[in-house]
Amino acid sequence: MSVGMPISALWPEPSADPLDDAAIAARYGRTDRPHLRVNFVSSVDGAVTVDGYSAGLSGEPDKRVFGLLRMLCDGLVVAAGTLRHEGYRAVRLDERRRAWRREHGLAEYPTLVVVSGSLDLDPGQAAFADAPVRPVVLTRAGATAPPGLTDVADLVPCGDERVDLVAGLAELRRRGLDQLLCEGGPHLFGALTAADLVDEACLTVAPLLAGPGPGRITAGEASPVRHLPLRHVLAAADGTLMLRYARA
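Structural notes, computed from the coordinates. (Residues numbered from 1 in each chain as written. Predicted model: local features only at pLDDT ≥ 70, side-chain atom pairs only at ≥ 80, totals over all residues. Heavy atoms only, no water.)

A closer look at the nonpolar core
Counting 34 residues, the largest nonpolar core has Tyr28, Leu83, Val114 and Leu121 as the members making the most contacts within it. The set of elements that each furnish at least two residues to this core consists of strand S1 (7-11), helix H1 (21-28), helix H2 (60-72), strand S3 (75-79), helix H3 (80-85), strand S4 (111-115), helix H5 (126-129) and strand S9 (230-236). It is H2 that contributes the most residues to this core, five residues altogether. Excluding anything up to four places from it in sequence, Tyr28 contacts Arg37, Val65, Leu69, Leu72, Glu200, Cys202, His232, Leu234, Met242 and Arg244. Listed in part, the 30 residues of the second largest apolar core include Val136, Leu138, Leu197 and Val233. (Core = buried A, V, L, I, M, F, W, Y, C linked by side-chain atoms within 4.5 Å. Buried < 20%, exposed > 50% of the residue type's maximum accessible area, 1.4 Å probe, protein only. Helix = DSSP H or I, 4+ residues; strand = E, 2+ residues; numbered from the N terminus. Contact = heavy atoms within 4.5 Å.)

Put into structure tokens, the structure is as follows:
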């Protein structure tokens with residue numbers, strides 16, 4: 001696999017030699033049981049966006065890890081608001097990453113999973129219309145789908161007043177989507193944390209001070225503090241840090 005800006009390991013096994021994509025992927029890996037990983041980027045002072053978008057924080061090292069985490073997952077989970085705001089396109093991988101998935105017995109592409117209580121979704125958005133694998137939408141019972149949505153996605157009602165994330169994840173795993181990657185947004189991360197569903201948090205810290213204004217990577221109702229041990233620290237040549245926290 002290709003190597004971009006040098007990324008090395010700082011902890012727990014320091015290495016001065018740059019890691020190639022295969023070595024980085026191995027440090028994140030897949031588990032032998034159902035697993036939910038969340039992935040976010042923030043500034044040094046905790047901002048989740050710059051000028052309203054996460055792209056202002058994401059440099060080459062973050063994009064590299066971002067792509068590798070997509071390669072490793074069975075299902076890519078995202079909130080409808082983030083899907084709309086960030087302008088998600090179809091979840092596609094290059095040939096090298098598709099080959100890696102084939103070699104490891106995985107489908108060529110992960111399945112996009114959208115969490116939406118209102119079903120305020122555009123079936124014409126490329127994330128749906130151009131998807132190589134039919135997306136899944138976790139929603140609540142009684143939500144009204146816009147015309148055409150059921151033509152491009154499977155709707156899974158779970159919960160009445162709001163989306164029941166426990167039931168939703170159970171359904172995804174029934175479909176064989178055991179290794180899940182959540183890319184946000186902050187309210188979904190907060191809800192997953194409150195439901196004690198987060199097994200791993202991957203955080204890229206960009207060497208930037210965003211100043212006051214932007215929100216944090218998590219939002220929503222308060223929940224109990226949960227311990228999540230640090231597993232590794234990677235560093236890029238530009239000062240970007242990639243942190244991985246995970247349950248035992």
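Concerning the side chain of Ser8
Mapped onto the elements, Ser8 comes out in strand S1. Once residues within four sequence positions are removed from consideration, Ser8 is found in contact with Ser15, Asp17, Leu19, Val233, Leu234 and Ala235.

Quick notes on the side chain of Arg101
Inspection of the secondary structure puts Arg101 in helix H4 (residues 95-103). The residues contacting Arg101, other than those within four sequence positions of it, are Arg70, Met71, Leu72, Cys73, Asp74, Leu93, Leu106, Ala107, Glu108, Tyr109 and Pro110.

Remarks on the sheet that holds strand S10 (residues 241-246)
The strand order across the open sheet built from ten strands is S1-S9-S10-S8-S2-S7-S3-S4-S5-S6, with neighbouring strands paired in mixed fashion. In the strand order of this sheet, the two ends are held by S1 and strand S6 (154-157), each with one partner. Averaged over all pairs of adjacent strands, the angle between their axes in this sheet comes to 25°, without regard to strand direction. In terms of strand pairing, strand S8 (residues 200-206) meets S10 through six bridges, oriented antiparallel. If you follow Glu200 over to S10, its bridge partner there is Ala246. Relative to the sheet, H2 contacts S1, strand S2 (35-43), S3, strand S7 (179-182), S8, S9 and S10, its axis offset from that of S2 by approximately 170°. On top of the sheet, helix H8 (residues 186-194) reaches S2, S3, S4 and S7; it is set at about 135° to S2, its chief contact. (Pairing = 2+ DSSP bridges. Axes fitted to C-alpha atoms, helices over the stretch in contact; angles between N-to-C directions.)

Side note on the packing of H1 against H2
Interaxial distance between H1 and H2 falls to 10 Å at its minimum, and their mutual angle equals 60°. Relative to H2, the element H1 is oriented oblique. Of the two elements, H1 crosses H2, and the hand of that crossing is right-handed. Contacts between H1 and H2 pair Asp21, Ile24, Ala25 and Tyr28 from the former with Arg64, Val65, Leu68, Leu69, Met71 and Leu72 from the latter. Here the residues of the contact of H1 with H2 are counted per class, giving eight nonpolar, no polar and two charged. (Parallel < 35°, antiparallel > 145°, perpendicular 65-115°, else oblique. Left-handed = near helix turned anticlockwise from the far one by under 90°. Nonpolar A, V, L, I, M, F, W, Y, C, P; charged D, E, K, R; others polar.)

Digging into the packing of aromatic side chains
In total, this model carries one aromatic pair according to the counting rule given. Centroid distance Phe40 to Phe189: 5.2 Å. Interplanar angle 20°. Geometry classified as stacked. One end of the pair, Phe40, is in strand S2; the other, Phe189, is in helix H8, and 149 residues separate them in sequence. Both residues of the pair, Phe40 and Phe189, count as buried. One residue, Arg92, lies across the ring of Tyr109, its end atom 6.0 Å from the ring centre. (Phe/Tyr/Trp six-rings, centres within 6.5 Å; stacked < 30°, edge-to-face > 60°. Lys NZ or Arg CZ within 6 Å of the ring centre and 35° of its normal.)

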